[in-house]
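Residue-level structural notes
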Amino acid sequence: MGYIKHPKIKLFAESAIEILPDYFWIIPSSSSGKYHPAYGLGDGGLVNHVRACVRFAVECFRLEWYSSLFNSDQKDLILVALLLHDGAKSGIPKKEHTQFNHPILMTAYLRDQDNLKNIISDEYFDFILNGIASHMGAWNVRDGIEVMSKPKTSAQKLIHFVDYVCSRKMFEVNFDAEISGT
C-alpha cells in the first residue's frame, strides 16, 4: 500500500482488500503447484504472488519508458489492479481449485460492492476492472472459445506481463530486499 500515492485510490485499495474472500489470505497461488515459484506455494502463497507482482511493477516504473508512459494516478491504478487481480482465484464462494474465469468473477464481485463505487471516479474504477479482466492475456480461451478479453492498453499489457513473470517458476523474489529510488 505504501507505493500508492493518491489518497482516494489508496482508500479504494484498502476498502477493496478488506472485502476479499477470507481464503485469499491463506491459499497458494496455484492449486496444482504446476504454476508459480516456491514463494507462491503453500499457505499464504497467493498473497506472496500478489506482493511479488506489486514489487515487480514498482521496479518497472523505475525504468524511463514505463515512468514516462504512465502518470502517477495510472501507476497507482495499475498497482491496485495487481493487488486485486487474483482476489477471486478460487471463486466466490470458494471452490476446491483455481477458477479459470477468476478475472470475470473478481470484476463482477467488485462491481457488486456498493461501498466501493463512490470512492474513485467511474473512469478509474473501469481502469482497474479492465486491468483485472484482461490479466490472463493469451490464456483467455476455454474449449476453443475466447472467454475473457486480451490486454489492449499499455496498462493492461503491463499488468498481464507482471502477472506472467511473477508466475514463472524460474523467478524468485527477495521480499526482504528494499526497493529504492521510487
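1. Quick notes on the nonpolar core
If you look at the biggest cluster of nonpolar residues, it comprises 49 residues, and the most contacted ones within it are F12, L84, L110 and I128. Looking at this core, the elements that each hand over two or more residues are helix 1 (7-18), helix 2 (45-61), helix 4 (72-84), helix 5 (102-111), helix 6 (122-133) and helix 7 (154-165). Among the elements that line this core, the one with the most residues is helix 2, at 10 residues. Not counting residues up to four positions away in its chain, the partners in contact with L84 are F12, A16, I17, L20, M106, L110, I128 and I132.

2. Details of the side chain of S29
In this fold, S29 is placed in the loop between helix 1 and helix 2. A relative accessible area of 1% places S29 in the buried class. Once residues within four sequence positions are removed from consideration, S29 is found in contact with H36, G40, L41, G45, L46, H49 and K89.

3. Things to note about the environment of N130
By the secondary structure assignment, N130 is in helix 6. Sequence spacing of N130 and M170 is 40 residues, and the spatial spacing of their C-alpha atoms is 28 Å.

4. What about the packing of aromatic side chains?
What the rule picks out here adds up to 6 aromatic pairs. The interplanar angle of 85° and the centroid separation of 5.4 Å between the aromatic rings of Y39 and F175 together place this pair among those described as edge-to-face. You can see Y39 sitting in the loop between helix 1 and helix 2 and its partner F175 sitting in the segment after helix 7, a full 136 residues away along the chain. For the residue pair Y39 and F175, the accessibility class agrees, reading buried in each case. Aromatic pair F56 and F161: ring centres 5.9 Å apart, planes at 55°, arrangement tilted. A residue pair is termed long-range when its members are at least 10 positions apart, and F56 in helix 2 and F161 in helix 7 qualify at 105 residues. Residue F161 is classed as partly exposed on the basis of its relative accessible area of 37%. Over the face of the ring belonging to Y23 we find K94, whose NZ or CZ atom lies 5.9 Å from the ring centre.

5. Description of helix 2
Between its first and last C-alpha, helix 2 extends 24 Å over 17 residues, near the 24 Å set by a 1.5 Å rise per residue. Taking burial as the measure, the 17 residues of helix 2 include 13 buried ones, the bulk of the element.

6. Overview of a nonpolar patch on the surface
A surface patch of nonpolar side chains, amounting to about 240 Å² of accessible area, comprises I104, I145 and V147. Residue classification places I145 among the exposed positions, given a relative accessible area of 55%.

7. What about the side chain of S30?
Turning to its location among the elements, S30 is positioned in the loop between helix 1 and helix 2. By relative accessible area, which is 6% here, S30 ends up buried. When neighbours within four sequence positions are excluded, S30 is seen to be in contact with Y35, H36, G40 and L41.

8. A word on the pattern of salt bridges
Counted according to the given criterion, the structure contains 4 salt bridges. Of the charged contacts in the structure, one is a salt bridge between R111 and D126, with a shortest N-O distance of 3.8 Å. Of the two residues, R111 is situated in helix 5 and D126 in helix 6; the sequence distance between them amounts to 15 residues. Residue classification places R111 among the partly exposed positions, given a relative accessible area of 41%. The salt bridge involving D114 is made with K117; its shortest N-O contact spans 3.3 Å.

9. Side note on helix 4
Taking 1.5 Å per residue as the helical rise, helix 4 with its 13 residues ought to reach 18 Å, and the 19 Å between its terminal C-alpha atoms agrees with that figure. The buried count for helix 4 comes to 11 of 13 residues, which makes it a mostly enclosed element. Where the residues of helix 4 are buried, they touch helix 1, helix 2, helix 3 (64-69), helix 5, helix 6 and helix 7. Where helix 4 begins, the side chain of N71 points an oxygen toward the backbone nitrogen of D73, at a separation of 3.0 Å.

What counts, and where the lines are drawn
Residues numbered from 1 in each chain as written. Predicted model: local features only at pLDDT ≥ 70, side-chain atom pairs only at ≥ 80, totals over all residues. Heavy atoms only, no water. Core = buried A, V, L, I, M, F, W, Y, C linked by side-chain atoms within 4.5 Å. Buried < 20%, exposed > 50% of the residue type's maximum accessible area, 1.4 Å probe, protein only. Helix = DSSP H or I, 4+ residues; strand = E, 2+ residues; numbered from the N terminus. Contact = heavy atoms within 4.5 Å. Phe/Tyr/Trp six-rings, centres within 6.5 Å; stacked < 30°, edge-to-face > 60°. Lys NZ or Arg CZ within 6 Å of the ring centre and 35° of its normal. Expected span 1.5 Å × (residues − 1). Patch = residues over 30% accessible without salt bridge, like charges linked within 9 Å, V, L, I, M, F, W, Y side chains within 5 Å. Areas by Shrake-Rupley, 256 points an atom, 1.4 Å probe, with all protein chains shown as cover. Salt bridge = Lys/Arg side-chain N within 4 Å of Asp/Glu carboxyl O. Polar contact = N/O pair within 3.5 Å; in protein donor to acceptor, adjacent residues only side chain to side chain.

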